[in-house]
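# Observations on chain architecture
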Amino acid sequence: MTLNSCRLLGAVLIFISLDSTAAIRQTKGDFEDKFRQLDEVLPTANIYRTAGGEPGHRYWQQKVDYDIDVTLLEDQRRVEASEQIVYTNNSPDTLRFLWLQLDQNRFRKDSIAELTRAFADKSIRGAKTEAAKDGNPPRISIDELRRQQFMADNQAGYEISGVTDTRGKALAHTVVGSLMRLDLPEPLNTGKSVSFRIDFAFNIMEENAVAARAGYEHFSDDAREGGNDIFLLAQWFPRLAAYTDYEGWTNKEFLGRGEFTLEFGNYTVDITVPADHIVASTGVLQNAKAMLTPTQRKRLKQAESATRPIYIVTAQEALENEKAGTADSKTWRFEAENVRDFAWASSRKFMWDAQGYHQGGKAQPFVMVMSFFPKEGDPLWSKYSTRAVLHTLEVYSRMSFDYPYPVAQSVNGPVGGMEYPMITFNGPRTDEQDDGSRTYSQAEKRFLVGVVIHEIGHNYFPMTVNSDERQWTWMDEGLNSFLDAIAGLEWDPDVPWKIEPRDVVDYMKSDQQVPIMTQSDSVLQLGPNAYSKPAAALFILRETILGRDLFDFAFREYSRRWMFKRPTPADFFRSMEEASGVDLDWFWRGWFYTTDHVDLSIDRIWKLRMDTLDPDIDFERRRLEEEDKPLSIIVERNRADFKLWVDRNEEVRDFYDKHDRFTVTNKERNEYREFVDELEDWEKAALDRAVKEDKHYYVLKFSNLGGLVMPIILELTYADGEQEMMRIPAEIWRRKSKSVMKMIVTDRELTQVVMDPRWETADGDVENNHYPRRIIPSRIEVFKTPEKEDPEYRDIMQDIKTEIDTGEEGDQER
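A short tour of the structure in this document, coming up. (Residues numbered from 1 in each chain as written. Predicted model: local features only at pLDDT ≥ 70, side-chain atom pairs only at ≥ 80, totals over all residues. Heavy atoms only, no water.)

### Regarding the overall build of the protein chain
For the protein chain, the count of helices and strands is 20 helices and 36 strands. For a compact globule of 814 residues, the expected C-alpha radius of gyration is about 28 Å, and the protein chain comes in at 35 Å, more than 25% above that figure. Principal axes of the C-alpha set define a box for the protein chain whose edges measure 125 × 90 × 55 Å. Burial statistics for the protein chain: of 814 residues in total, 50% are counted as buried. A total of about 41400 Å² of accessible surface is found on the protein chain, and carbon and sulfur atoms cover 49% of it. Placing the 105 positive and 141 negative side-chain charges of the protein chain at their respective mean positions leaves the two points 2 Å apart. (Helix = DSSP H or I, 4+ residues; strand = E, 2+ residues; numbered from the N terminus. Rg over C-alpha atoms; globule rule 2.2 N^0.38 Å. Buried < 20%, exposed > 50% of the residue type's maximum accessible area, 1.4 Å probe, protein only. Areas by Shrake-Rupley, 256 points an atom, 1.4 Å probe, with all protein chains shown as cover. Lys, Arg positive; Asp, Glu negative; His and termini not counted. Charge placed at Lys NZ, Arg CZ, Asp CG, Glu CD.)

Now the structure itself:
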C-alpha cells in the first residue's frame, strides 16, 4: 500500500505520495524486476492531472499579457524599452509576490553562470582540459580568448530604471541573479489580475564572441562605411517565470543550458529600428502599409497563392539597401495571440522570400511561410529555407496537430539554431570564392535543412505543447528530434541525418552519461542525452514495440491533450500507455531513469530431435550420433602405426564384438509397448503426431549484457536458403532479466540466426548477435611514422636562412 499524506486546497482533498518506492523492497536473492510498475515513481494523479495522462477537470495555468515599446540603438548595439505587464492568477493559491526571469543577467560578471565556468567545462569552446602530457601544456582556443576579452570590455546585464504600478508608484523588487522578485502591494487572489510597468535597457551581446543564443553579428566588409549588423533579439525582456501546480514558482537560476519555462499570453510590441531595416518577428505585422513599399505588399499578396517562394525583398534590393544607412527610424508593430514568448530580428541586409501554406482545418487554415537572410546565405537559403519550413509543417501537422499560428519564419544570423513562437534563428552560410560566386558543402546543406526542420518543429514542442524546458529538456528536444528525423527521412532518406537508434550506441555504452530524466544543468552530454537518446527511444517504440498505427494514434492523442498546456513526463508516459493500450513502464524505466544500454547476446543454440521412445528407432539414432563424432587422433595414429592387439589375437573376441551398447533387446521392446498401452488416447495421438512430423527443435540461449530489456528480433535462415523474421516481445525477460532461453520448433533445418539484423534496438555489440559468430569486417590504414616534434630536433642552422614572407609575390625580406 502506498504511503500518502494529504493537504486541503479549498474544498478539495489532494493526496501526495511521500515514499511509494519504500512499499516494495526486494531483499532476498538476486532477482531484478525490470517490469516493476512506474507508478511507484510517478507523482500521484490528482484533480489537475489524471492517472491517464490528461489535464484534470481543475487543471489551471497562469496568463501573462505584454505591451512593449522597444528601440534598437544600432550604433550603440543597445536596446532600450518599457513593458506593461498584466498578470492573471488562475491558480487556487493567493500570491504575495511574483518572480520574473532576467535572462540577460546571465552574462553579468558576478552571475552564477559566469563565476562557475570551470576550465574543465566542455562549454569552453576549443579548450583542451587534460593535464599536460609529454611536456605539452594545456591549450586554450582563440575563440575563448575572444570571449574573455569581449566580456571584459563590455557591460552586460539589465539596467532596470523603473518598476512601477499603473499609477507610476514604485514597486518593491529584489534582483536575485537572473531572477527578480516583485513584491505585490496587495495579495493577488484567485481569478484576479495585477498590472505593472518595467523600464529597462541592456547592451546586446556579440553572438559570435559569447554564444548567447541571440545577439548581433557584424559584417565589416559591407559597402556601408563601418559595415552592417544583423540583430537577433531573444530573451530580451523581463518575462514572468511560470507558476505551476507541480512545482510552484519555477524560479531556477538561468545558467545557460536549461532553456525556458514560460506562460502563455497576448503581445503587442512596437519595435523602433533604423528606417532601412527589415524586421522579422513573432506575431503578425499590424502596420504593413506604413512599413512596406507598395511593391513589397504586392509581392506578399502574390506569395499567398504561389507554388514556390516569392521574393518580397530581392537579392539586388538587399545589396543596394546595405550600402548606405540612415539616421531615420520606423516603428514596426506586431501582435501575437496565445504565445509563450516573443523574439525578433532586424537588419538592412535581409533578403526576404515567402510562400503561403494552405493547410486547411478550422483553427489556422492559412499560414504565411517566410525566410530572411543576407547575401552570405545565398544561394543555399533561397533554394531550401522556405521549402524546408513548408515540409516541416506538413509532417509535424500529420504527426500531431495543425500548425496553430498565422506565420512561420526562418531567419539567418549568427545563432546556429534557436526557436521562438512563429520565428526561428538558423545559422548555415555559404562560402565566397575568388570569382565572387558563393558555394556550400553537402554538410552545410544538410545543416540548413536539418536545423530549419528542427527549429520550426519547436513551434509544436514546446511553443504549443508547453513543457518545462529547464527541468526536462528531453520533453521538447527529444520529442522534436524524433519528429525532425521523421521529416528529414521523408525529405531525403539518403542524407545521413544520424538520429536513428543505431546512431546512439556509442553514447549509451559510455561512462559519461546520466539518465535522461536528469535536470538539464546537471547533464554531462546534453546533445545525446536530451536529443538523440530520447529520439532513438521513440523510434524504437514506433517501429519495433508498438508499431506505427498504435504509436501514431497515441502520440497524436498526447499532443492534442496538451496543446497550449504544460505537460510533465508523467503526463507523456501515461498518455502514451493509455492511448496505445500497451504497458510501457518497463520501457520508460529503463530508457529514461537509468543509464543501462542495450546489449543482447545470443550465446548458444542447441539442435534437438525428439525421441520416438521406440527403441528400434532411438537406439539406431544414438549409434549414428556416436559415429558423427570425430575420430580420436590417438586411435587414428595408432591404427596407422601398428596392428591393434585385438586384431592380432582374434581368439579374444566375443559376443560384445558383434553387439554394441546400442543393440536393442526384446526387454526394451516390451517396455515400449507397455508404455504405449498405458497412454490416454489424446496422449497417444499427440505422441504419434510429433513422431510422424519429426520437427526440428532448437533451444536458443540469450543473455542481457547491457541491462536494458528489449524485444528479441530474430532473422532465421534455413538450409534451403529461405529466411523468416520472428519477434519476441520484451516480456520474455520479466522473470529472468539477465539470461533466458527460448525453444523454436520448425519444419526446416536452421543454419543461422541473426538477432536485430536491421539494427532497430540500439544494440551495443552487434557481433554477439550472430550465431554462428561471423568473421568481423573492418579496415586497416597505412601510416607513416611522424617526425619528432621536440624543439631539440629542429634544424635551426638551416631554418634560420628562411626569408620572411610578407604575403606579396616576389617581395621577401630577411
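### A closer look at the sheet that holds strand S22 (residues 366-373)
Read across the sheet, six strands follow the order S18-S21-S22-S23-S25-S24 without closing on themselves; strand pairing throughout is mixed. If you trace the sheet from one side to the other, it starts and ends with strand S18 (310-313) and strand S24 (417-420), each paired once. Sheet twist, expressed as the average angle between the axes of neighbouring strands with direction ignored, equals 20°. Note: strand S21 (residues 351-358) against S22, eight bridges, orientation antiparallel. Bridge pairing in S22 places Met 351 opposite Phe 373. Its contacts with the sheet place helix H5 (residues 294-304) against S18, S21 and S22, and it is angled at close to 155° to S18. Contacts between helix H7 (residues 380-399) and the sheet are confined to S18, S21, S22, strand S23 (407-412) and strand S25 (423-426), with S22 contributing the most and set at about 150° to the helix. (Pairing = 2+ DSSP bridges. Axes fitted to C-alpha atoms, helices over the stretch in contact; angles between N-to-C directions. Contact = heavy atoms within 4.5 Å.)

### Things to note about the pairing of strand S30 (residues 712-718)
Most of S30 sits out of view: seven of its seven residues are buried. Residues Ile 712, Leu 714, Leu 716 and Tyr 718 line one face of S30 and the alternating positions Ile 713, Glu 715 and Thr 717 line the opposite face, and both faces are buried. Where S30 lies against strand S31 (residues 723-728), six bridges are found, and the strand directions are antiparallel. Considered in S31, the bridge of Thr 717 is made with Gln 723.

### Some details on the pattern of salt bridges
The full count for this structure, using the stated rule, is 63 salt bridges. In this structure, the salt-bridge partner of Arg 561 is Glu 54, at a minimum N-O distance of 3.8 Å. Residue Arg 561 is found in helix H12 (residues 548-561), and its partner Glu 54 is found in the loop between strand S2 (12-17) and strand S3 (63-73); the two are separated by 507 residues along the sequence. Judged by its relative accessible area of 31%, Glu 54 falls in the partly exposed class. Counted as one network, the salt bridges with shared partners bring together Glu 54, Glu 557, Arg 560, Arg 561 and Glu 578. (Salt bridge = Lys/Arg side-chain N within 4 Å of Asp/Glu carboxyl O.)

### Here's the deal with helix H9 (residues 474-491)
Between the first and last C-alpha of H9 there are 24 Å, a value that for 18 residues agrees with the 26 Å anticipated at 1.5 Å per step. Among the 18 residues in H9, 15 count as buried, and that is most of the element. (Expected span 1.5 Å × (residues − 1).)

### Structural notes on the side chain of Asp 276
One can find Asp 276 in the loop between strand S15 (265-274) and strand S16 (278-281). The class of Asp 276 is buried, set by a relative accessible area of 13%. Side-chain polar atoms of Asp 276 contact the side chain of Arg 348, separated by 2.7 Å. In this structure, Asp 276 is in contact with Asn 321, Gly 325, Thr 326, Ser 347 and Arg 348, ignoring residues within four places of it in sequence. (Polar contact = N/O pair within 3.5 Å; in protein donor to acceptor, adjacent residues only side chain to side chain.)

### Things to note about the pairing of strand S29 (residues 696-704)
Here S29 lies mainly inside the structure; seven of its nine residues are buried. Bridge count between strand S28 (residues 600-608) and S29: eight bridges; the pairing is antiparallel. Its bridge partner lying in S29, Leu 600 is registered against Asn 704. Of the pairings in the sheet, the one linking S29 to strand S32 (residues 739-746) comprises eight bridges and is antiparallel in character. Bridge pairing in S32 links Ser 703 to Ser 739.

### Brief notes about the sheet that holds S28
Taking strand neighbours across the sheet as the criterion, the three strands line up as S28-S29-S32 in an open arrangement whose pairing is antiparallel. What marks the edges here is a single partner per strand, and that holds for S28 and S32. Geometrically, the sheet is characterised by an average inter-axis angle of 20° between neighbouring strands, direction not taken into account.

### Description of helix H19 (residues 681-693)
Residues separated by three or four positions in an α-helix point in the same direction, a consequence of the helix having 3.6 residues per turn. Here H19 is 13 residues long and its end C-alpha atoms lie 18 Å apart, about the 18 Å a rise of 1.5 Å per residue gives. Just past H19, the residue Asp 694 takes up positive phi, approximately 45°.

### So, a negative patch on the surface
On the surface, Asp 67, Asp 69, Glu 335 and Glu 337 cluster together into a negatively charged patch. Of note, Asp 67 is situated in strand S3. (Patch = residues over 30% accessible without salt bridge, like charges linked within 9 Å, V, L, I, M, F, W, Y side chains within 5 Å.)

### Let's talk about the nonpolar core
One finds Trp 236, Phe 572 and Trp 591 to be the most contacted residues of the largest nonpolar core, which totals 194 residues. The element best represented in this core is H7, accounting for 10 residues. Sequence-distant contacts of Phe 572, that is, excluding residues within four places in its chain, are made with Trp 474, Met 475, Leu 479, Leu 538, Phe 555, Tyr 558 and Trp 588. (Core = buried A, V, L, I, M, F, W, Y, C linked by side-chain atoms within 4.5 Å.)

### Quick notes on the environment of Asp 756
Residue position: Asp 756 is located in the loop between strand S33 (750-755) and strand S34 (770-771). Residue Asp 756 is classed as buried on the basis of its relative accessible area, which comes to 3%. Each C-alpha atom, one on Asp 756 and one on Thr 94, is 56 Å from the other, the two residues being 662 residues apart in sequence. Beyond its immediate sequence surroundings of up to four residues, Asp 756 is in contact with Ile 713, Thr 761, Ala 762, Asp 763 and Asn 769. There is a polar contact of 2.6 Å between the side chain of Asp 756 and the side chain of Thr 761.

### Considerations on unusual backbone geometry
Cis rather than trans, the peptide bond between Asp 378 and Pro 379 has omega equal to 5°. Geometrically, the link from Tyr 771 to Pro 772 is a cis peptide bond, its omega value of -5° lying close to zero. In this model, Arg 77 sits at a positive phi of 50°, which is unusual for a non-glycine residue. Topologically, Arg 77 is positioned in the loop between S3 and strand S4 (78-88). With a relative accessible area of 23%, Arg 77 lands in the partly exposed category. The residue Gln 235 is not glycine, and still its phi comes out positive at about 50°. Inspection of the secondary structure assignment puts Gln 235 in the loop between strand S11 (228-233) and strand S12 (239-240).

### Some points on the packing of aromatic side chains
Counted under the stated rule, the structure contains 52 aromatic pairs. On the basis of an interplanar angle of 80° and a centroid distance of 5.8 Å, the ring pair of Tyr 59 and Trp 562 is categorised as edge-to-face. Within this pair, whereas Tyr 59 is found in the loop between S2 and S3, its partner Trp 562 is found in the loop between H12 and helix H13 (569-580), the two being separated by 503 residues in sequence. Both residues of the pair, Tyr 59 and Trp 562, belong to the buried class. Aromatic pair Trp 586 and Phe 587: ring centres 5.6 Å apart, planes at 85°, arrangement edge-to-face. For the residue pair Trp 586 and Phe 587, the accessibility class agrees, reading buried in each case. One cation-aromatic arrangement involves Arg 748 over Tyr 718; the distance from NZ or CZ to the ring centre is 4.0 Å. (Phe/Tyr/Trp six-rings, centres within 6.5 Å; stacked < 30°, edge-to-face > 60°. Lys NZ or Arg CZ within 6 Å of the ring centre and 35° of its normal.)

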